[in-house]
Amino acid sequence: MENTLCPITCWSETRLRTSVMAAFLLGAALLIVQPQIVPSRPAINSKAEASSQSVQRELLTKTSQKNDFKENIHSNGSCRQLPQTIIIGVRKGGTRALLEMLSLHPDIAAAESEVHFFDWEDHYRNGLRWYINQMPFSYPRQITVEKTPAYFTSPKVPERVYNMNQSMRLLLILRDPSERVLSDYTQVFYNHMQKHKPYPSIEQFLIKDGELNVDYKAINRSLYYLHMQNWLKYFPLDRIHIVDGDKLIKDPFPEIEKVERFLKLSPQINASNFYFNKTKGFYCLRDSGRERCLHESKGRAHPQVDTRLLEKLHEYFHEPNKKFFELVGRTFDWHSFVAS
Ligand code: A3P
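Residues numbered from 1 in each chain as written. Predicted model: local features only at pLDDT ≥ 70, side-chain atom pairs only at ≥ 80, totals over all residues.

**As for the nonpolar core**
For step 1, the next point in the chain: Core analysis: the largest hydrophobic core is formed by 45 residues, its most contacted members being Leu98, Leu171, Leu172 and Ile173.
For step 2, the next point in the chain: Not counting the four nearest positions on each side in its chain, leucine 171 is found in contact with Thr85, Ile87, Ile88, Leu98, His241, Val243 and Val259.
For step 3, the next point in the chain: Counting nine residues, the second largest nonpolar core, distinct from the first, contains Tyr185, Ile219, Leu313 and Phe317. (Core = buried A, V, L, I, M, F, W, Y, C linked by C-beta atoms within 7 Å. Buried ≥ 20, exposed ≤ 12 C-beta atoms within 10 Å, placed from the backbone. Contact = placed C-beta atoms within 7 Å.)

What follows is the structure, given as structure tokens:
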């Protein structure tokens with residue numbers, strides 16, 4: 001690893017202060033000039049403005065409580081930095097695979113666990129100082145990444161990320177919406193099994209009064225255009241790179257190459273970093289001769305669903321998918337059943 005030292009005053013400290021000040025000043029500036037300067041931004045109502053202002057003031061206070069950031073500087077010269085890129089979702093899209101694969105790059109420093117800073121109030125209230133403490137130590141040349149899949153579908157998050165860093169590069173990994181619903185159900189099913197708690201069958205969630213139960217949360221999370229609209233109020237499309245999660249499963253390298261390009265990383269990840277593991281049924285990673293697959297919770301078998309119910313699901317997603325393709329100017333090879 002290149003031994004580039006963090007500046008004596010940790011770069012992240014300067015960056016953190018700059019971000020907080022920028023967020024604070026931006027909030028004030030938005031109050032005065034927002035309609036003229038950023039017409040494409042949402043008309044934030046006064047209540048939302050006030051709350052955003054108070055959150056920013058709070059972030060500033062909490063971040064300035066101590067002048068001592070020494071715990072963020074390592075003796076080897078590395079330090080903690082705010083993330084310059086975030087994997088925002090989607091839940092069950094392949095976010096862990098994306099993070100692990102991207103971490104093969106020497107210039108990537110990834111936070112191990114999901115941070116939930118922008119979507120959980122008790123975390124957000126802790127301020128940016130808390131947030132930076134969740135980040136790994138890294139060298140200045142490295143890009144810090146965190147992934148929290150719930151960000152994509154959480155309405156408050158885009159504005160909060162924007163307030164912290166307008167030039168954030170966002171990574172979004174999506175997968176066939178119907179398949180994602182089944183994966184979402186499977187995850188919660190296993191969570192219950194582990195706690196020896198019963199869990200209803202998927203049909204009990206998908207059907208209500210003989211019809212598709214569109215109130216099922218897992219279905220809502222797959223309405224990608226709805227959530228994407230929220231992000232596009234704050235970030236232009238060229239700041240959000242969409243990874244095709246279905247292609248990442250079948251052939252990860254080309255998708256990862258695109259991510260390297262988006263993040264302006266030197267091309268260092270190779271096809272030889274991936275090999276197909278027949279037992280797992282998925283690609284696994286090879287790094288400096290070491291081979292590893294993702295945890296057994298990734299790549300589970302989904303429940304068998306009646307074909308007609310599955311077709312209903314495909315049919316339901318047809319229009320929302322079309323809207324999403326129009327929104328992002330790109331199509332995906334997702335199931336799209338239209339009754340003849
Ligand atoms: P399933 O377990 O339903 O198959 P997330 O990390 O966002 O929770 O996404 C989990 C999904 O990542 C898995 O869903 C799996 O399909 C997908 N995935 C993509 N590449 C994978 C890989 N190389 N190994 C295991 N799972 C992978």
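**Quick notes on the packing of helix H7 (residues 177-194) against helix H13 (residues 307-328)**
For step 1, the next point in the chain: Where H7 meets H13, the closest approach of the two axes is 9 Å, and the angle between their N-to-C directions is 125°. Relative to H13, the element H7 lies oblique. Mapping the contact onto sequence places Pro177, Ser178 and Val181 in H7 and Leu310, Leu313, His314, Phe317 and Asn321 in H13. (Axes fitted to C-alpha atoms, helices over the stretch in contact; angles between N-to-C directions. Helix = DSSP H or I, 4+ residues; strand = E, 2+ residues; numbered from the N terminus. Parallel < 35°, antiparallel > 145°, perpendicular 65-115°, else oblique.)

**Some thoughts on the sheet that holds strand E6 (residues 169-174)**
For step 1, the next point in the chain: Taken together, five strands build an open sheet; the order of strands is E3-E5-E2-E6-E9 and the sheet is parallel. Pairing within the sheet leaves two strands with one partner each, and these edge strands are strand E3 (108-110) and strand E9 (240-244). Ignoring which end each strand starts from, the neighbouring axes of this sheet average 25° apart.
For step 2, the next point in the chain: Against the sheet, helix H12 (residues 252-262) contacts E6 and E9, and its axis sits at roughly 170° relative to E9. (Pairing = 2+ DSSP bridges.)

**Remarks on the site of the ligand**
For step 1, the next point in the chain: Around the ligand, a shell composed of 17 residues is seen, among which Thr95, Arg96, Ala97, Ser183 and Phe282 lie nearest.
For step 2, the next point in the chain: Contributing elements (two or more residues each) for the shell around the ligand: helix H3 (95-102), H7, helix H11 (245-250) and strand E11 (282-287).
For step 3, the next point in the chain: Tallied by class, residues from the shell around the ligand come to seven nonpolar, six polar and four charged.
For step 4, the next point in the chain: In terms of domain composition, the shell around the ligand takes at least three residues from each of domain 1 (8-176 + 238-292) and domain 2 (177-223 + 299-328). (Near = placed C-beta within 6 Å. Nonpolar A, V, L, I, M, F, W, Y, C, P; charged D, E, K, R; others polar. Domains from an automatic or database assignment.)

**Here's the deal with the sheet that holds strand E10 (residues 274-277)**
For step 1, the next point in the chain: Strand order in the open sheet formed by three strands is E10-E11-E12, and the pairing between neighbours is antiparallel. Each edge of the open sheet is held by one strand with a lone partner, namely E10 and strand E12 (290-292). Each strand axis lies, on average, 35° off the axis of its neighbour in the sheet, ignoring direction.
For step 2, the next point in the chain: Both E11 and E12 contribute to a ladder of three bridges, which runs antiparallel. Of the residues in E12, the one forming a bridge with arginine 286 is glutamate 291.

**A few points about the pairing of E6**
For step 1, the next point in the chain: With six of its six residues buried, E6 lies for the most part within the structure.
For step 2, the next point in the chain: Here E6 shows no split at all, with Arg169, Leu171 and Ile173 on one side and Leu170, Leu172 and Leu174 on the other all buried.
For step 3, the next point in the chain: In this sheet, E6 lies alongside strand E2 (residues 85-89) in parallel orientation, the contact comprising four bridges. Following the sheet pairing, isoleucine 87 is matched in E6 by leucine 171.
For step 4, the next point in the chain: Bridge analysis of E6 against E9 gives five bridges, and the strand direction is parallel. Bridging from a neighbouring strand, leucine 170 pairs with isoleucine 240 of E9.

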